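Examination of the molecular architecture
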Amino acid sequence: MTDGQKPKILKVSALCQLCHARKAVMKRPKNSQKLCKECFYNVFETEIHNTITNAHLFAPGDKVAIGASGGKDSTVLASILKTLNERYNYGLELVLLSIDEGIKGYRDDSLATVKRNQVQYKMPLEIISYKDLYDWTMDEIVSCAGIRSSCTYCGVLRRQALDRGAAKLGINHVVTGHNADDMAETVLMNLLRGDVARLEKSCTILTQSSGSPIKRSKPFKYTYQKEIVLYAHYKKLDYFSTECTYAPEAFRGTARELLKSLEAVRPSCIMDIIYSGEHLVLAPKKKKVTTQYKNKKKIMEHQDDQSQEVEINADGSVVLKAKKKEELKDGNTCEKCGYLSSNKICKACMLLAGLEMNRPKVNIDNNVAVDGAAKLTKTLEQLSF
Amino acid sequence: MSDNQPVKYLDEEESSSSPCQRCKVENAILITRKEKFCQNCFIRFIRGKQRKQMQDDKYKVKYGPFIERHGQQKVLLALSGGESSVVLLDVMASLLQEQFEAHNGKQGFELIILNLDEFDLNHLNKKVGEILPLLIKRYSPANIQYKVLALNSYILDDSILDKIVLNDDFTGLSSTIIGSDKSYTLFDILELCPNKSSVEDLLTIIYNELILRTAYLEKCQTIIYGHSMTRIANEIIALTVKGRGSIIYEAISDHSKTYKDQQFQILFPLRDVLYAEIISYCKLTNMDEFILQSTIPKSKINKNLTIRDLTTRYFSQLDATGYASTASTVVKTGEKLGAPKSDSTSLVTHCQVCGVEIYQDPGNWLRNITVNKAAPIETEEEKEYLESYKASIGEPEIIDDRYKSVHICYGCIVTLGGVNSVSGFVWPLKDKNTDHFESQPYLVDSEVEKQKILDEFILTNDEDEDDDNE
C-alpha cells in the first residue's frame, strides 16, 4: 500500500492480534480484536463457511437464488457465496433474484445496483415486480392504506414474491441476507410482542414447510451487520445504502434502539441473544382444568348448539371445519392463489382483497402524487369536485 | 406524556365527581387498569394480588389435624429495600396482623426478612439495620423477624476459591489458589470483573446462593421475592440479552428448588402488579421514607450503564409512551417457556460457576462462529514481525496438571470474557464441598437483639434456666 515510502517499523502492539505479523487496521465489532485486513477476511469468510457446512445448507449441484436487494447485506452475500463456492467447491449454481416493490426513489435506484452486480459477479438476474404479480406497487398501497402498515403489506407480499420468483426459475432454495442483528432483533421482538408461535423457530437457519417446495436460509445468521459493512468497505463492493423511504413501525424502532445501546455496552450481546433464542422452547401445553361451579346445566344444554357454530371469514366465506387439526397447520394452500397458507385464504390475498375495496375509483390523469407521497394523495382523495 | 402512564392520579375536581368503582362510597383518587379506585380499595386490590398467589392452606392459620399436616411454616422474604420488596413486606405483614387479630394471636406462618447488605456496594442513603426496626414496628403485634447478612459471607473461607482462566477457544481451566498468600474478599473478586455488567451478573448468582443458604439454615420452606410484573418482564429480556435464555422458564416462574436435599418453594407474589402500581401503593401507605436508595446517580452515558440498567430504562420508556402492556405480554410469553431439549449426544452438565444446566456445548457453538485463526503469513517482512512479537512476549505460561478443566455455561463465558488473563478470575466453584457450614453470622439479627435486651434486663431468680448458649 505504501510501497513508495520507506516503511516505518511497527511496534509489536500495533500488530494484528491473530497473525502478529501485519499491521492491525481495524477493531473487530464482534469481540474488539484488533485485526489486519487479511485476518479479518479470513475469519469473516471462515465463519460463514462454518455456518453453511454445519447446517448442511447446500448440496453439490444445487441451484440457489440469492434474494438481492442491492443493499449491503445481499451484495456481500452474493460476493461471498461466489467466493466460497469457488474456494470450497460447493458446486452451486447461483442466481440473483430481485423484487421490485415499486417504491420510486428507492427501489429503482437499488435495482440499478443489482444490475451492476449481475455483471460484476457474472450471475443471471431475475426481477419480479409487485405490479406484475399483484397489480399494485408499494407506492399505490401506501397511498391507499396509509404509511403505518406499509411494512406489513410489503413483508407479506415480498415473501410470496420471492417464492414465486424462485419457482419461475425452477429453483427450490432462496438465500437471504438476514444478519445476526436482524436475528437478535427478531428474538427480542417475538418476546416483546408475545409471538409465541414464532418464538421457537425464530432462530432456525433453514426454514422449510411441507406445502412449499421452496427452502429459505440465512447464511449470515451469525454475521454482525457492522462486519458486513466493513467487509463491503474493504472489498470495495458496489452497494446501495439508502434506507427504505417508508420507515419501520414505531414499536420495532424501540427494540432496535435498545439493541443498539446494549451492543455499545457489550458487543457480544447480539450473539448472546441468538444463543438465548436458540434455547427458547415452549413448555408442553398444560390442559386447563376449570371446574364449573355454576350454571352446569345451562352449559350442557348449550353444547349442542356450539357444535353447529361456524366461523365466518372477513370476506364472508365460511370456514370449513378441518377433520384433522394438523391439516391446517402445514401444507394447506390458499383457495384464491394456491400459495401455501395456514388459513383458507392466504395472508397476501386477504390484504389485497382489503386494498381492492379501497382502491380509488377515479384516477386523476397524470397523477404524480401517488409516487410515494402518501399524505398528499390522501388530501387529494378527500377533495370534492 | 402523563396520560400514557399506567397509573393516572385524579385531580381534586375529577376526584370529587367520580366515585370509586369498587366501594362506590369514597371518591376515587386514581385510575389503573381502566378502573377508578379510592385509596383503601386500591390498597386492598394490591393486597388481593398477593393473597391470590399464596392461597395455599399452609399459609393460613391452622387448627387441629392441619397443624400436623403442614407443620410450622416459615417464609423468607428477600428484602432489597427497594419499593417492590418494601411493598411486599407491607402486604405480608398486614396479612399476619389480620391473622393475629382474627385468631387470637395465632399466625399462619413465621415471616423472616432477609436483607443482603448493599450499603457499601451501592452507597445507600440509609442503613437497613436502622430502617428495619421502625418498619416492623408498624405491624405490631405481629411477630416478624429480620436478619441482615454481609455480602462477603458468600465466601465461606479461602479454601473454596479457585483461579479460573478462560482460554481463547472458550474452554475454562481452574487451579487452586491455596499456597498463594493473597486472600480474597468478595469485593476483591468483583474488582477482577471486566465490566459493570459482569459484576451485576455475578451478584445475581451470589444473591441467589445467599438467599437459598439462609432459607436452608433458618429452615424456611418458602422464599418470596417482591418482583413486580414489570421487573419480571425486565428479567426475561435481561436474561435473553445475557445469553441465559435457557433458564428463563425457571427463573421467572413460581417454582420449587432443591438445595442441599431440601425443597424450597420460590414465589413472586406481586407478579400481577405493575411497577407503577407498586410506586402508588408505596406513596399511599406512606412508606417512601423506608425506601433505600443508592446515592450514586445513574450515568447519562449509555456506555457506563449495565445491561439491566438499559432494559429497566427501556421498560420505563415503554410505560411513558403508552406501550405499558408490553410488560404483561412479555411475562405471559415467558411463562409459556419450558426446559430446553438437550442434545441427545451429550449429557446435561452443570456450570461450575453459576450452577445452571448446560444443554449444548457453548464452547463449540462459539468456536464455529468466532474463528481465531490467522490468515497465512507470506512475506519476509511479516515473518520478521512475527519473530519480534514472539520475542517480546517471552515464554508462554505452561498449562500443567495444576490446571483442571471446568464446565462453564454460555452466560458465564460471556460474563468472564475479557477478564485479564494474568490476574485471572477467582471464584468458589460449585462442586466444592461446602457442606461444612452450619450457621452464618448476621450483621443484624432481630432475635439476637431481643435476646441481648432480655439477657441484660431480666432478673432471673433461677440460675438453672439461664442456659442460653452464646
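1. A closer look at the overall build of chain A
Within chain A one finds 15 helices and 9 strands. In chain A, the proportion of contacts linking residues at least 24 apart, taken out of those at least 6 apart, comes to 70%.

2. Describing the overall build of chain B
The helix and strand tally for chain B stands at 17 helices and 17 strands. In terms of principal-axis extent, the alpha carbons of chain B reach across some 90 × 70 × 45 Å. Taking all 470 residues of chain B together, the buried fraction comes to 37%. The long-range fraction of contacts in chain B, counting pairs at least 24 apart against all pairs at least 6 apart in sequence, stands at 73%.

3. Points about the packing of helix H7 (residues 180-193) of chain A against helix H13 (residues 325-335) of chain B
It is the contact of H7 of chain A with H13 of chain B, at a shortest axis distance of 6 Å, that shows an interaxial angle of 100°. Classified by the angle their axes make, H7 of chain A and H13 of chain B are roughly perpendicular. On the side of H7 of chain A, the interface is formed by Leu191, Leu192 and Arg193 of chain A, while H13 of chain B contributes Thr326, Thr329, Val330 and Thr333 of chain B. Taken together, the residues of the contact of H7 of chain A with H13 of chain B break down into 3 nonpolar, 3 polar and 1 charged.

4. What to know about the environment of Thr204 of chain B
Residues and elements named next belong to chain B. Assignment of secondary structure puts Thr204 in helix H8 (residues 196-217). Residue Thr204 is classed as partly exposed on the basis of its C-beta count, with 19 C-beta atoms lying within 10 Å. Residues Thr204 and Cys354, 150 residues apart in the sequence, show an inter-C-alpha distance of 9.5 Å.

5. Description of the domain arrangement of chain A
Here the domain parsing of chain A yields domain 1 (27-278) and domain 2 (329-359). Computed over C-alpha atoms only, the centres of domain 1 of chain A and domain 2 of chain A are separated by 25 Å.

6. A few points about unusual backbone geometry
That bond from Ser140 of chain B to Pro141 of chain B is cis: its omega, 10°, falls within 30 degrees of zero. In this structure, His20 of chain A takes a positive phi of about 55° despite not being glycine. For His20 of chain A, the location among the structural elements is in the segment before strand E1 (26-27). A count of 22 C-beta atoms within 10 Å places His20 of chain A in the buried class. Positive phi, normally seen in glycine, also occurs at Arg33 of chain B, with a value near 50°. Tracing the chain through its elements places Arg33 of chain B in the loop between strand E2 (30-32) and strand E3 (35-37).

7. Brief notes about the sheet that holds strand E4 (residues 93-100) of chain A
All names here are of chain A. Judged by pairing direction, the sheet is mixed, and its 6 strands sit side by side in the order E5-E4-E3-E6-E8-E7 without closing on themselves. The sheet terminates laterally at strand E5 (125-129) and strand E7 (206-207), the two strands that pair on one side only. Its contacts with the sheet put helix H2 (residues 72-87) on strand E3 (63-67), E4 and strand E6 (173-175), and the angle it makes with E3 is roughly 155°. Here helix H6 (residues 150-169) sits on the sheet in contact with E3, E4, E5 and E6, set at roughly 140° to E4.

8. Thoughts on the interface of chain A and chain B
Taken together, the contacts link 51 residues of chain A with 51 residues of chain B. Taken together, the elements giving at least two residues each to the side of chain A that touches chain B come down to helix H1 (37-54), H7, helix H8 (196-199), helix H10 (250-265), helix H11 (269-278) and strand E9 (281-282) of chain A. A per-element tally of the side of chain A that touches chain B places H1 of chain A first, with 10 residues. For the side of chain A that touches chain B, the class distribution of residues is 30 nonpolar, 14 polar and 7 charged.

9. Re the confidence of the model for chain A
All names here are of chain A. Summarising the model, chain A shows a mean pLDDT of 82, and 78% of its residues fall at 70 or more. For residues 322-328, every residue scores under 50 in pLDDT, and the model assigns this stretch 4 contacts once sequence neighbours within four places are set aside. Across residues 373-378, where pLDDT falls below 50, the model places 8 contacts with residues more than four positions away in sequence or in other chains.

10. A few points about the nonpolar core
Ile274 of chain A together with Leu77, Leu111 and Ile113 of chain B are the most contacted members of the largest nonpolar core, which totals 137 residues. It is helix H4 (residues 83-102) of chain B that contributes the most residues to this core, 9 residues altogether. Residue contacts for Ile113 of chain B: discarding those within four places in its chain leaves Leu77, Leu79, Leu89, Leu132, Ile144, Gln145 and Tyr146 of chain B. Of all hydrophobic cores here, the second largest spans 66 residues; its members include Phe44, Val95 and Leu162 of chain A together with Tyr385 of chain B.

11. Description of the pairing of strand E8 (residues 172-176) of chain B
Residue and element names in this part refer to chain B. Across 5 bridges, strand E7 (residues 161-166) lies against E8 in antiparallel orientation. By the bridge assignment, Leu166 is partnered in E8 with Gly172. Between the antiparallel neighbours E7 and E8 lie 5 residues, among them Phe170 with a positive phi of about 70°. Bridging between E8 and strand E15 (residues 404-406) involves 3 bridges; their strand directions are antiparallel. Looking at E15, one finds that Leu173 is bridged to Ser405.

12. Observations regarding the sheet that holds strand E1 (residues 7-9) of chain B
Strand pairing in a sheet takes place through backbone hydrogen bonds and is either antiparallel or parallel in direction. Residue and element names in this part refer to chain B. One open sheet accounts for 3 strands, arranged E1-E2-E3; its pairing is antiparallel. Two strands lie at the open edges of the sheet, namely E1 and E3, each paired on one side alone. Sheet twist, expressed as the mean angle between neighbouring strand axes with direction ignored, is 25°.

13. Here's the deal with H2 of chain A
All names here are of chain A. For H2, with 16 residues, the first-to-last C-alpha span of 22 Å sits near the 22 Å given by 1.5 Å per residue. Along H2, the residues classified as buried are Lys72, Asp73, Ser74, Thr75, Val76, Leu77, Ala78, Ser79, Ile80, Leu81 and Leu84. Against H1, E3, E4, helix H3 (107-121), E6 and helix H9 (225-234) lie the buried residues of H2. Just past H2, the residue Asn89 takes up positive phi, approximately 50°.

Conventions used here
- Residues numbered from 1 in each chain as written.
- Chains lettered and ligands numbered in written order.
- Predicted model: local features only at pLDDT ≥ 70, side-chain atom pairs only at ≥ 80, totals over all residues.
- Helix = DSSP H or I, 4+ residues; strand = E, 2+ residues; numbered from the N terminus.
- Contact = placed C-beta atoms within 7 Å.
- Buried ≥ 20, exposed ≤ 12 C-beta atoms within 10 Å, placed from the backbone.
- Axes fitted to C-alpha atoms, helices over the stretch in contact; angles between N-to-C directions.
- Parallel < 35°, antiparallel > 145°, perpendicular 65-115°, else oblique.
- Nonpolar A, V, L, I, M, F, W, Y, C, P; charged D, E, K, R; others polar.
- Domains from an automatic or database assignment.
- Pairing = 2+ DSSP bridges.
- pLDDT = per-residue confidence, 0-100.
- Core = buried A, V, L, I, M, F, W, Y, C linked by C-beta atoms within 7 Å.
- Expected span 1.5 Å × (residues − 1).

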